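Structural overview for review
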Amino acid sequence: MTTHPVHMPPPIVLSFAASDPSGGAGLQADLMTVSALGCHALSVITALTVQDSLGVASILAIDADWVEGQARTLLEDMPVAAFKIGLLGSAENMRVIAEILADYPHVPLVLDPVLASGRGDELADEEMIATLREVLLPRTTILTPNSLEARRLADEEDEGEGSDAPRALEDCAQRLLSFGCQYVLLTGTHDHTPRVVNSLYGRESGLLRSDVWDRLPGSYHGSGCTLASAIAAHLASGLPVSEAVQAAQAYTWQALAAGFRAGMGQYLPDRFFRLRAGSGAVLV
């Protein structure tokens, strides 16, 4: 009688995110990234979207009971080494996910605060932003906002009155850390600088590292999803936070450098660039 060989499972990452039928961002981006980095990807669909490489046309949030059912069924069956959160679709989904995460306080969580699409389509209202601050940031290991997201998340209702000056990004990081997350990785993709500067801040130690990357030409769909998922995969594989952040940035930059334009809009990252002969990407 032939027996099946026993293999240890790879590290498992569970992603809460919306489905992106273009495969550029969202849940599909998470699954590809996590798989490319040697982990097993689990998925909980939080919303359905109508979108392509040009932008998001509409969103249908999944009922919170269905979100909870998907997650708890998976978590009762398989051990998860890291969580990743993207677009959640509703404040109700945020609250139920926070309740689930409370049962797994020692599992790292990477939160990509998806507030708008690449072309500026609004994906989160003020209630959702307030709920994210209140129930999810206190459970977050690493928050990965770009500069626009950081400023929007850091705002207070009573701030800004009598002043039009934008909050400094380092102040934004400290403000976000005060909401309870352990680390904030501020990404410079939306800044008008010759090179992209990504800065990692810690709640107790301030600025931990700044990494500088050549700014690639063009606009990319799903770069933030790729970075956050890559961090989650490296944390699940056992890397400490600073090393996981650096390795994830290197992987993301190479995926973008090998990106392709499949439609009429943004370029898509090639998360499997290592498998494609002649991609031109430099492996690390």
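Whatever comes next refers back to the structure up there.
Before going into details, it helps to say that this report is about the structure given with it.

Cut-offs applied
- Residues numbered from 1 in each chain as written.
- Predicted model: local features only at pLDDT ≥ 70, side-chain atom pairs only at ≥ 80, totals over all residues.
- Heavy atoms only, no water.
- 1 Å grid on protein atoms, 1.4 Å probe; cavity = no way out; pocket = protein on both sides within 12 Å on 5 of 7 lines; lining within 4 Å.
- Points joined across faces, edges and corners; volume = space filled by probe spheres on them.
- Nonpolar A, V, L, I, M, F, W, Y, C, P; charged D, E, K, R; others polar.
- Buried < 20%, exposed > 50% of the residue type's maximum accessible area, 1.4 Å probe, protein only.
- Helix = DSSP H or I, 4+ residues; strand = E, 2+ residues; numbered from the N terminus.
- Pairing = 2+ DSSP bridges.
- Right-handed = clockwise from strand over helix to strand, strands pointing away.
- Phe/Tyr/Trp six-rings, centres within 6.5 Å; stacked < 30°, edge-to-face > 60°.

With that settled, consider empty space enclosed by the protein. The tally for this structure, following the rule as stated, stands at one cavity of 30 Å³ or more. Taken as a whole, the largest cavity spans an internal volume of roughly 80 Å³. Around the largest cavity, the lining comprises 14 residues; the ones closest to its centre are Gly86, Leu88, Met94, Val114 and Leu132. Per-class residue counts for the lining of the largest cavity are 12 nonpolar, one polar and one charged.

Moving on: the pairing of strand 1 (residues 12-19). Regular strands show a simple pattern: their side chains alternate between the two faces of the sheet. Judged by how many residues are buried, strand 1 sits mostly within the fold: eight of eight residues are covered. Where strand 1 lies against strand 2 (residues 40-51), eight bridges are found, and the strand directions are parallel. By the bridge assignment for strand 2, Leu14 is matched with Leu42. Read as a crossover between parallel neighbours, the route from strand 1 over helix 1 (residues 26-36) to strand 2 is right-handed. Bridging between strand 1 and strand 4 (residues 82-85) involves four bridges; their strand directions are parallel.

The final tally for this structure, using the stated rule, is four aromatic pairs. The interplanar angle of 65 degrees and the centroid separation of 6.1 Å between the aromatic rings of Phe83 and Tyr104 together place this pair among those described as edge-to-face. Of this pair, Phe83 sits in strand 4 while Tyr104 sits in the loop between helix 3 (91-101) and strand 5 (109-111); the two residues are 21 residues apart in sequence, bridging distant segments of the chain. Between the aromatic rings of Tyr220 and Tyr267, the centroid separation amounts to 5.8 Å while the plane-to-plane angle is 45 degrees, which identifies the pairing as tilted. Pair noted here: Tyr220 is in the loop between strand 9 (206-214) and helix 7 (223-236) and Tyr267 is in the segment after helix 8 (241-257), with a separation of 47 residues, a long-range link.

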